[in-house]
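# Structure at a glance
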Amino acid sequence: MVNSTLDEYRSGGSDAAASGVSWGAVIAGAFAAAALSFILIILGFGLGFSAISPWSGSGASAQTIGISTVLWITFTQIAASAVGGYLAGRLRVRWVSMHTDEVYFRDTAHGFLTWAVASLAAAALLSSAIGGVVSGGAKAVSAAGAAIATTGAAAMSADSGSGSDATDGLSAYFIDTLFRPNAAAGSTAPAAEANGNAHPIASSADTGNRGGAVTPAQRTEVARIFANALRTGRLGDADKTYVAQIVAQRTGMSQADAAKRVDDAYASYTRTVSDATAKAKQAADTARKAAAYGALWMFVALLCGAFVASFSATYGGRLRDRVEYVSAKPSTYSTTTAPKAI
């Protein structure tokens, strides 16, 4: 029961002119919810870091960590929203002349406002984490293109014009395989020269370097040929013949064997680039799915938090309305004197 005289004294007998929102109660509940949410998230980080391990075969799996994270975020939202909504409903002012349905609606609105303010405060405190979840999808979508561009840049570094060694990229290994000495030839001298036949390329300025080390200019030229073939999708006959001549001159192989080596090296090169691209796309797709699932489960957790906060506010409001106020005025008290003994 509530003392009606005190209610009339406090409210003036009417709530029509009073504000429908007790912002003090809303802010108090929101701060409590945000603080509890922050504490629980920090605890979740600690538990998560203690569960993972860089060593193979130890620690929780990625799937277990993902499920645990979703469950912990949901629990954090429910617990924090329940506390914040209950405080908002319990601390709000009493509406004396309002209908029960209106009081129920206002309590629900107070819980929802508490959840909204707490969510914004938590987002401000954890902006990096929330921003990572939101932007994860966009980053995942662009990751494939970035990975492919990185692979292509490594393979096509000869076109950079930076003055660095053009074979520092992915094509370096395959160019090395082209110019490995031919053990079956028995010497580094070209087989055609042993028969008295000079290669067409022998008329160049590199004639005095036959059978010697490959010059940086030649390595750069071969890297550019491979890079162009990777862009166009095929190694042209003229380019293949030219590269085979260089290989034959430097390794002592016949023109036919050199051409076969060029074909094998280019096939391995394109297969490696294709595999790297496929792995990059797979990694990007996995990251995209993880970001999408994370965002969806975050939405579900926040939705649960909004419902729990609203419900807890109505429960706290009902308890608030059951409080019995006692008017303590000096006139209500009286004193008695004990009778004198006869």
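None of the values given here were measured: they were computed from a predicted structure.

### Thoughts on the overall build of the chain
Within the chain one finds 10 helices and zero strands. Listing the helices and strands of the chain from first to last along the sequence gives α-α-α-α-α-α-α-α-α-α. Within the chain, the proportion of its 342 residues that are buried is 32%. Long-range pairs, those at least 24 residues apart, make up 80% of the contacts in the chain between residues at least 6 apart in sequence. Summed over its atoms, the accessible surface of the chain is roughly 20000 Å², and 64% of this surface lies on carbon and sulfur atoms.

### Section: the pattern of salt bridges
Counted according to the given criterion, the structure contains nine salt bridges. Put simply, Lys260 and Asp264 hold a salt bridge, and the shortest N to O gap is 3.1 Å. With a gap of four residues between them, Lys260 and Asp264 both fall in helix H10 (residues 255–321), about one helical turn apart. Salt-bridge contacts for Asp285 lead to Arg288; the nearest nitrogen and oxygen are separated by 2.7 Å. Residue Asp285 and its partner Arg288 are both found in helix H10; the two are separated by three residues, about one turn of the helix. Taking relative accessible area as the criterion, Arg288 reaches 35% and is therefore assigned partly exposed. Here the salt bridges share partners, and the residues they tie into one network are Arg92, Arg94, Asp107 and Asp321.

### Let's talk about the side chain of Thr277
Note that Thr277 resides in helix H10. One polar contact links the side chain of Thr277 to the main-chain carbonyl oxygen of Val273, over a distance of 2.8 Å.

### A word on a nonpolar patch on the surface
Residues Phe38, Ile39, Ile42, Phe45, Phe49, Ile52 and Leu125 make up a contiguous nonpolar surface patch of about 720 Å² in total accessible area. Looking at the nonpolar patch element by element, the count peaks at five residues for helix H2 (residues 23–51). Considering the arrangement of structural elements, one finds Ile39 in helix H2. Residue classification places Ile39 among the exposed residues on the basis of a relative accessible area of 53%.

### Observations regarding the nonpolar core
Core analysis: the biggest nonpolar cluster contains 23 residues, and Leu178, Phe179, Val222, Phe226, Val243, Val247 and Val262 have the highest contact counts within it. A per-element tally of this core places H10 first, with six residues. Residues in contact with Leu178, not counting those within four places in the same chain, are Val222, Phe226, Val243, Val247, Thr251, Arg261, Val262 and Ala265.

### Points about the packing of aromatic side chains
Summed over the entire model, instances satisfying the criterion amount to five aromatic pairs. Relative to Tyr315, the ring of Tyr86 lies with its centre 6.1 Å away and its plane at 35°, an arrangement referred to as tilted. Highlighted residues: Tyr86 in helix H3 (residues 62–91) and Tyr315 in helix H10, separated in sequence by 229 residues. Taking the centre distance of 5.5 Å and the plane angle of 35° together, the rings of Phe226 and Tyr269 count as tilted. Placement of the pair is Phe226 in helix H8 (residues 216–232) and Tyr269 in helix H10, with a sequence separation of 43 residues.

### Concerning H8
Compared with an ideal rise of 1.5 Å per residue, which puts 17 residues at 24 Å, H8 spans 24 Å between its outermost C-alpha atoms and is within 8% of the ideal. Those residues of H8 that sit buried are Gln218, Arg219, Thr220, Val222, Ala223, Ile225, Phe226, Ala227 and Ala229. Looking one or two residues past H8, Gly233 carries a phi angle of roughly 95°, positive in sign.

What counts, and at which threshold
- Residues numbered from 1 in each chain as written.
- Predicted model: local features only at pLDDT ≥ 70, side-chain atom pairs only at ≥ 80, totals over all residues.
- Heavy atoms only, no water.
- Helix = DSSP H or I, 4+ residues; strand = E, 2+ residues; numbered from the N terminus.
- Buried < 20%, exposed > 50% of the residue type's maximum accessible area, 1.4 Å probe, protein only.
- Contact = heavy atoms within 4.5 Å.
- Areas by Shrake-Rupley, 256 points an atom, 1.4 Å probe, with all protein chains shown as cover.
- Salt bridge = Lys/Arg side-chain N within 4 Å of Asp/Glu carboxyl O.
- Polar contact = N/O pair within 3.5 Å; in protein donor to acceptor, adjacent residues only side chain to side chain.
- Patch = residues over 30% accessible without salt bridge, like charges linked within 9 Å, V, L, I, M, F, W, Y side chains within 5 Å.
- Core = buried A, V, L, I, M, F, W, Y, C linked by side-chain atoms within 4.5 Å.
- Phe/Tyr/Trp six-rings, centres within 6.5 Å; stacked < 30°, edge-to-face > 60°.
- Expected span 1.5 Å × (residues − 1).

Taken by themselves, the reported measurements are silent on function.
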